[in-house]
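Residue strings, one per chain:
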Amino acid sequence: MANLTHYRQQVKDLLNAYTTLPNPDPNLITIPLFDEERDRYLVLTLGWSNGRRIHYCLLHLDIIDEQIWIQVNNTDQLIAEELAKQGVKATDIVLGLQPPEVRPFTAYGVPRAIPALAL
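Treat the numbers as computed from the prediction; the structure is a model and nothing was measured.

**Q** Can you tell me about the environment of Pro-100, naming the residues and giving the values?
**A** Tracing the sequence through the fold places Pro-100 in the segment after β5 (93-94). Distance in space between the C-alpha atoms of Pro-100 and Leu-44 is 25 Å, their sequence separation being 56 residues.

Written out as structure tokens, the structure is:
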């Protein structure tokens, strides 16, 4: 349980940092969405640009069975490396955005549990 509390804070700190970065389009905002009850954490970019509605998921991380799953990373940063630098064990980071058969060959963890939604 201590890991879970720590990982929740690590994820929130990391994602909050992405919401403070300047947006080149003043009509767009970047917001964090945290659902601690279900352990789902997102950063969205929202607004209107050139007459088009923007609703874009920049980052999506879940915590499943005390592992941090990187589901979406639409940044140019290596989020897994950032988490590892913050002290998250590599085995507790799952690259959910990678196919399941590839995950054992990465420098990061494999799932302890695989809920259908996490695949």
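**Q** Can you lay out the packing of aromatic side chains for me, pointing to particular residues and giving the numbers?
**A** By convention here, two paired aromatic rings are described through the distance between centres and the angle between planes. As enumerated under the stated definition, the model contains one aromatic pair in all. Between the aromatic rings of Phe-34 and Tyr-41, the centroid separation amounts to 5.8 Å while the plane-to-plane angle is 55 degrees, which identifies the pairing as tilted. Look at Phe-34 and you get partly exposed, because its relative accessible area is 31%.

**Q** Quick one: what's the story with the sheet that holds β5, residue by residue and with numbers?
**A** One open sheet accounts for five strands, arranged β1-β2-β3-β4-β5; its pairing is mixed. Because the sheet does not close on itself, it has two edges, and the strands there are β1 (28-35) and β5. Strand direction decides the pairing type here: β1 and strand β2 (residues 40-49), joined by eight bridges, are antiparallel. Within the sheet, the bridge partner assigned to Thr-30 lies in β2 and is Thr-45.

Scoring rules and cut-offs
- Residues numbered from 1 in each chain as written.
- Predicted model: local features only at pLDDT ≥ 70, side-chain atom pairs only at ≥ 80, totals over all residues.
- Heavy atoms only, no water.
- Helix = DSSP H or I, 4+ residues; strand = E, 2+ residues; numbered from the N terminus.
- Phe/Tyr/Trp six-rings, centres within 6.5 Å; stacked < 30°, edge-to-face > 60°.
- Buried < 20%, exposed > 50% of the residue type's maximum accessible area, 1.4 Å probe, protein only.
- Pairing = 2+ DSSP bridges.

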